[in-house]
Amino acid sequence: MNDLVSLVNSANYITKEHADRVIVCGSHGGVYCAAKAVYYQVRGVILHDAGFCLDNAGVAVLEYCQPSLLPAAVVDSDTAFIGNVEHTYANGIISACNAEAERLGVTPGMKCADAAELLVAASPKWQPVALVAEYRHEHALEEGWEKIVCIDSASLIQPEDEGRIVVTGSHGGLIGGNPAKAINVPARFAAFNDAGFGFDNAGAGRLEPLDARGIAAVLVAAASARIGDGQSTLFDGVISAVNRRAAEQGFAVGVPLRRALHAWQEKSSS
């Protein structure tokens, strides 16, 4: 591997230390991750397509990076574990790239490792950008009901969220394959984006570890919600997978998440 290529499991780990380096990252290719790459002036970036998602939110990095002549590409989620950059680098196959990456020779069907080597030759002209904010909202589905914690990234969960209903815009994969990172605070319920499920159902990696911890958890279909957008998960998402505890509490595949949570809270309050 070229000395100018760095591997990071999550876009949250991209810092000023990565300036002028090619970053291969286990995160989805959404706007937040793209903005981290441009803000810290990396030389090139490769992320996951996360099943593309609603409104192509999983590949927003491609368009976002182009004005800075920053080459960007995404790997097919069916070829590599999302959240696990070592697997992404070794096994990922490029599914799409922007014009700048294409100019350097990157093409769909290319191995991730080979694409990263080509991006080393990039000469971006970074446009100044602010870091894209990730948001935290709280929504009550009915007046007087418990509020749902709605966060764009699971990293925004707070200690006081213990025992609460948490809906995230994050993918359902395990960061670095570590079950302990399924969620940082023991919520009562958690929802994630399935990121197209991907290689070996990696996009569902959080479900079993959360079940073992007594946390009901579901995924919403990538095609139904914008990844990286917690409110889209809640208001647009359609359940695509559930863990055992969630199934026991009435959550089912094919049901809009908002409707399922409404029915669950209504039953709990009666």
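Structure: see above.
So, here's what we can say about the structure. (Residues numbered from 1 in each chain as written. Predicted model: local features only at pLDDT ≥ 70, side-chain atom pairs only at ≥ 80, totals over all residues. Heavy atoms only, no water.)

The next thing to look at is the overall build of the chain. Looking only at helices and strands, the chain has 9 helices and 11 strands in total. In terms of overall size, the chain behaves like a compact globule, its C-alpha atoms giving a radius of gyration of 18 Å where 270 residues would be expected to give roughly 18 Å. In terms of overall dimensions, the chain has C-alpha extents of about 65 × 35 × 30 Å along its principal axes. Pairs at least 24 apart in sequence give 60% of the contacts found in the chain among residues at least 6 apart. Element-wise, carbon and sulfur atoms account for 50% of the exposed surface of the chain, whose accessible area totals about 11000 Å². When the 20 basic and 30 acidic side-chain charges of the chain are each reduced to a single mean position, those positions are 4 Å apart. (Helix = DSSP H or I, 4+ residues; strand = E, 2+ residues; numbered from the N terminus. Rg over C-alpha atoms; globule rule 2.2 N^0.38 Å. Contact = heavy atoms within 4.5 Å. Areas by Shrake-Rupley, 256 points an atom, 1.4 Å probe, with all protein chains shown as cover. Lys, Arg positive; Asp, Glu negative; His and termini not counted. Charge placed at Lys NZ, Arg CZ, Asp CG, Glu CD.)

Take helix H1 (residues 31-39) next. Residues lying three or four places apart along an α-helix face the same way, a consequence of the helix completing one turn every 3.6 residues. Of all 9 residues making up H1, 7 are buried, and the element is well covered by its neighbours. By the burial criterion, the buried members of H1 are Tyr32, Cys33, Ala34, Ala35, Lys36, Ala37 and Val38. Turning to H1, the residues buried within the fold contact strand E2 (22-28), strand E3 (44-48) and helix H2 (60-65). Looking one or two places after H1, you find Gln41, whose phi comes out positive at around 50°. (Buried < 20%, exposed > 50% of the residue type's maximum accessible area, 1.4 Å probe, protein only.)

A few words on the nonpolar core. Judged by nonpolar contacts, the single largest core of 21 residues is most densely connected at Val42, Val45, Leu47, Val61, Leu62, Cys65 and Val74. Every element with two or more residues in this core is listed here: E2, H1, E3, H2 and strand E4 (72-75). In terms of residue count, H1 provides more of this core than any other element does, 5 residues in total. With residues near it in sequence (within four places) discarded, Leu62 still touches Ala72, Ala73, Val74, Ala96, Cys97 and Asn98. (Core = buried A, V, L, I, M, F, W, Y, C linked by side-chain atoms within 4.5 Å.)

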